[in-house]
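A closer look at the structure
Listed below are the residues making up each chain.
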Amino acid sequence: MGDLFLVRHGETEWSVSGQHTSWTDIPLTDNGRAQAHGLAPLLNSHHIGAVFVSPMKRARETAELAGLAGARVDADLREWDYGGYEGVTTVEIHRTRPEWFLFTEGVAPGPPEHPGESPEEVGARADRMLAKAHAALANTEGCVVLVAHGHFLRVLTARWLGLPASGGALFQLATGTVCRLGTEHGRPVIAGWNIRPS
């Protein structure tokens, strides 16, 4: 069975400013497009059996620029719903909630269409996505690639390793990078993290 590759989308204006970005559908910056394009040789050096991508523009554009053809859009790959913290930075949140930590406390409630998600809800979504990835790995030759977002992919990595969703806090994830999840002696491992083209 192949490995699971995680691709965080390229840089956006809000990833630079540190604003929480879930449903706000902003594009990549010029640097973000360059980051995504630079991933193509790295990814194309592997046999890829299936690609899944978040519905957000920044993820779909990253997949396209990285040369990942035939990507299947999957809503389970969307970013953590930040609710009332959409567009707000951690620094701003800490002015009124100095002890706040996303991976344990979740977010403030948002509008009805984006109420926010708890760490456990994001973990359940990551589990659903991992089930799909495992099925794809079992039914295709080669690796499976997921193109998505920083906080969600961190939670998904924690769940791959059998950790609670809050374990995603342990894995810093940069824009425009590739991570590789695999197994060693039948146990899940991280085989590579924050890989950039050489």
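Here the structure is a predicted model, which is why all the values come from computation and not from measurement.

Another aspect to go through is the layout of surface pockets. Taken as a whole, the largest pocket holds about 440 Å³ of empty space. The wall of the largest pocket is formed by 24 residues, among which Arg 8, Gly 18, His 20, Tyr 82 and His 151 lie closest to the centre. Of all the secondary-structure elements, those providing two or more residues to the lining of the largest pocket are helix H1 (13-17), helix H5 (90-96), helix H6 (102-105) and helix H8 (150-160). The dominant element in the lining of the largest pocket, judged by the number of residues it contributes, is H8, at three residues. Classifying every residue of the lining of the largest pocket by side-chain character gives seven nonpolar, 13 polar and four charged.

Strand order in the open sheet made by the six strands is S3-S2-S4-S1-S5-S6, with mixed pairing throughout. In this open sheet, the two edge strands, each paired with only one partner strand, are strand S3 (72-73) and strand S6 (187-195). Alignment of strand S2 (residues 48-53) against strand S4 (residues 143-148), held across five bridges, turns out to be parallel. Residue Val 51 lies in a different strand from S4, and its bridge partner there is Val 145. Where helix H7 (residues 119-139) meets the sheet, it contacts strand S1 (4-8), S2 and S4, and its direction lies at approximately 150 degrees from that of S4. Running at roughly 160 degrees to S1, H8 makes contact with S1, S4, strand S5 (178-184) and S6 of the sheet.

Quick look at the pairing of S6 now. Summarising the sheet, S5 and S6 pair through six bridges and their orientation is antiparallel. Bridge pairing in S6 places Gly 182 opposite Val 189. Where S5 folds back on S6, the antiparallel hairpin that results is connected by two residues, among which His 185 adopts a positive phi of roughly 55 degrees.

Glancing now at the side chain of Thr 12. Topologically, Thr 12 is positioned in the loop between S1 and H1. Residues contacting Thr 12, with those up to four places away along its chain left out, are Ile 26, Pro 27, Leu 28, Thr 29 and Arg 58.

Our focus in this paragraph is the nonpolar core. Leu 4, Leu 146, Phe 152 and Leu 156 are the most contacted members of the largest nonpolar core, which has 33 residues in total. Looking at this core, the elements with two or more residues in it are S1, S2, H6, H7, S4, H8 and S5. When residues of this core are assigned to their parent elements, the largest contribution, seven residues, is made by H7. Excluding residues that lie within four positions of it along the chain, Leu 156 makes contacts with Leu 4, Leu 6, Ala 126, Met 129, Leu 130, Leu 146 and Leu 181. Val 7, Val 51, Leu 68 and Val 147 belong to the second largest nonpolar core, which has 14 residues in total.

Inspection of the entire model under this criterion finds four aromatic pairs. Ring geometry for Tyr 85 and Trp 100: centres 5.3 Å apart, planes at 80 degrees, overall edge-to-face. Of this pair, Tyr 85 sits in the loop between S3 and H5 while Trp 100 sits in the loop between H5 and H6, placing them 15 residues apart in sequence. Here the two residues Tyr 85 and Trp 100 agree in accessibility, since each one is buried. Here Phe 101 and Phe 103 contribute two aromatic rings whose centre-to-centre distance is 5.8 Å and whose plane-to-plane angle is 50 degrees, an arrangement assigned as tilted. A residue is classified by how much of its surface remains accessible, and Phe 101, at 40% relative accessible area, is partly exposed. Site record: aromatic cluster; members linked through ring pairs are Trp 80, Phe 101 and Phe 103.

Our next topic: the packing of helix H2 (residues 30-38) against helix H4 (residues 57-65). Two elements in contact, H2 and H4, have axes separated by 7 Å at closest approach and are oriented at 45 degrees. Considering the angle they form, H2 stands oblique to H4. Of the two elements, H2 crosses H4, and the hand of that crossing is right-handed. Mapping the contact onto sequence places Arg 33, Ala 36 and His 37 in H2 and Glu 61, Thr 62 and Leu 65 in H4. Partitioned by chemical class, the residues of the contact of H2 with H4 number two nonpolar, two polar and two charged.

Conventions adopted
- Residues numbered from 1 in each chain as written.
- Predicted model: local features only at pLDDT ≥ 70, side-chain atom pairs only at ≥ 80, totals over all residues.
- Heavy atoms only, no water.
- 1 Å grid on protein atoms, 1.4 Å probe; cavity = no way out; pocket = protein on both sides within 12 Å on 5 of 7 lines; lining within 4 Å.
- Points joined across faces, edges and corners; volume = space filled by probe spheres on them.
- Helix = DSSP H or I, 4+ residues; strand = E, 2+ residues; numbered from the N terminus.
- Nonpolar A, V, L, I, M, F, W, Y, C, P; charged D, E, K, R; others polar.
- Pairing = 2+ DSSP bridges.
- Contact = heavy atoms within 4.5 Å.
- Axes fitted to C-alpha atoms, helices over the stretch in contact; angles between N-to-C directions.
- Core = buried A, V, L, I, M, F, W, Y, C linked by side-chain atoms within 4.5 Å.
- Buried < 20%, exposed > 50% of the residue type's maximum accessible area, 1.4 Å probe, protein only.
- Phe/Tyr/Trp six-rings, centres within 6.5 Å; stacked < 30°, edge-to-face > 60°.
- Parallel < 35°, antiparallel > 145°, perpendicular 65-115°, else oblique.
- Left-handed = near helix turned anticlockwise from the far one by under 90°.

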